[in-house]
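# Report on the structure
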Amino acid sequence: MLSLTRRRRRERQATEAVTVLCYEAFVSIRGSAYTGQVQSMTDAGPTDVAVIEWIRSLADACHNLPPALRPSVANGRKHRATAAMQYLLATASPLQRQWITATLTTNGIAPENLIR
């Protein structure tokens, strides 16, 4: 079992990862929709994917992440960024995993530190 200090550190890293991924996805989606070409802040965008597929892939990857940033819900249960990131990394498609890994690495976050 992880110590309390390590759990808190991991949760802070996961919260930062969620924030970075949401921000980068929103910027990439908006840029791609505006230009009609795959846009990525981290140059992690593929060249052989249709724009609509790219936008859908980013939206699908990140749509469950924002609640992880909320401190609690009505019943007092905390949303955990670590759980959200573990689920995302476990269910990501190869395209999503490529983008997630490149985005986090570019922003100084090691994806392997977010997995139990």
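Below: a short report on this structure. Note that the structure is a prediction, hence the values are computed from the model and not measured. (Residues numbered from 1 in each chain as written. Predicted model: local features only at pLDDT ≥ 70, side-chain atom pairs only at ≥ 80, totals over all residues. Heavy atoms only, no water.)

### Observations concerning the overall build of the protein
Along its length, the protein carries four helices and zero strands. Its helices and strands taken in sequence order, the protein reads α-α-α-α from the N to the C terminus. Counting only contacts in the protein whose residues sit at least 6 apart along the sequence, the fraction spanning at least 24 positions is 60%. By element, 53% of the accessible surface of the protein is carried by carbon and sulfur atoms, the whole surface being about 7200 Å². (Helix = DSSP H or I, 4+ residues; strand = E, 2+ residues; numbered from the N terminus. Contact = heavy atoms within 4.5 Å. Areas by Shrake-Rupley, 256 points an atom, 1.4 Å probe, with all protein chains shown as cover.)

### Structural notes on the packing of helix 1 (residues 4-35) against helix 4 (residues 94-106)
The contact between helix 1 and helix 4 brings their axes to 10 Å, and the two run at 110°. Viewed along their axes, helix 1 and helix 4 adopt a mutual orientation that is roughly perpendicular. Note that helix 1 runs across helix 4; the crossing there is right-handed. In this structure, helix 1 contributes Ala17, Val20, Leu21, Glu24 and Ala25 to the contact, and helix 4 contributes Trp99, Ile100, Thr103 and Leu104. Tallied by class, the residues present in the contact of helix 1 with helix 4 amount to seven nonpolar, one polar and one charged. (Axes fitted to C-alpha atoms, helices over the stretch in contact; angles between N-to-C directions. Parallel < 35°, antiparallel > 145°, perpendicular 65-115°, else oblique. Left-handed = near helix turned anticlockwise from the far one by under 90°. Nonpolar A, V, L, I, M, F, W, Y, C, P; charged D, E, K, R; others polar.)

### What to know about the environment of Arg10
Position of Arg10 relative to the elements: it lies in helix 1. Accessibility expressed as a relative area gives 16% for Arg10, which makes it buried. Separated by 72 residues in the primary sequence, Arg10 and Thr82 have C-alpha atoms spaced 7.1 Å apart. (Buried < 20%, exposed > 50% of the residue type's maximum accessible area, 1.4 Å probe, protein only.)

### Observations concerning the nonpolar core
Generally speaking, nonpolar side chains in soluble globular proteins are found buried as a group. Ranked by size, the top nonpolar core spans 26 residues in total, and within it Leu21, Leu65, Met85, Trp99, Ile100, Leu104 and Leu114 carry the most contacts. Mapped by element, the contributors of at least two residues to this core are helix 1, helix 2 (51-62), helix 3 (81-91) and helix 4. Those residues within four positions of Ile100 in sequence are excluded, and the remaining contacts are Leu21, Leu88, Leu89 and Ala92. (Core = buried A, V, L, I, M, F, W, Y, C linked by side-chain atoms within 4.5 Å.)

### Notes on a positive patch on the surface
Taken together, Arg6, Arg7, Arg8, Arg9, Arg12 and Arg80 make up a surface patch of like positive charges. Within the secondary structure, Arg8 is located in helix 1. (Patch = residues over 30% accessible without salt bridge, like charges linked within 9 Å, V, L, I, M, F, W, Y side chains within 5 Å. Salt bridge = Lys/Arg side-chain N within 4 Å of Asp/Glu carboxyl O. Lys, Arg positive; Asp, Glu negative; His and termini not counted. Charge placed at Lys NZ, Arg CZ, Asp CG, Glu CD.)

### Topic: helix 2
Its twelve residues place the ends of helix 2 17 Å apart at the C-alpha level, agreeing with the 16 Å of an ideal helix rising 1.5 Å per residue. At its buried positions, helix 2 is contacted by helix 1, helix 3 and helix 4. (Expected span 1.5 Å × (residues − 1).)

### Concerning the state of the cysteines
Enumeration according to the criterion identifies zero disulfides in this entry. No disulfide involves Cys22; its sulfur sits 5.3 Å from the nearest other cysteine sulfur, which is in Cys62. (Disulfide = S-S within 2.5 Å.)

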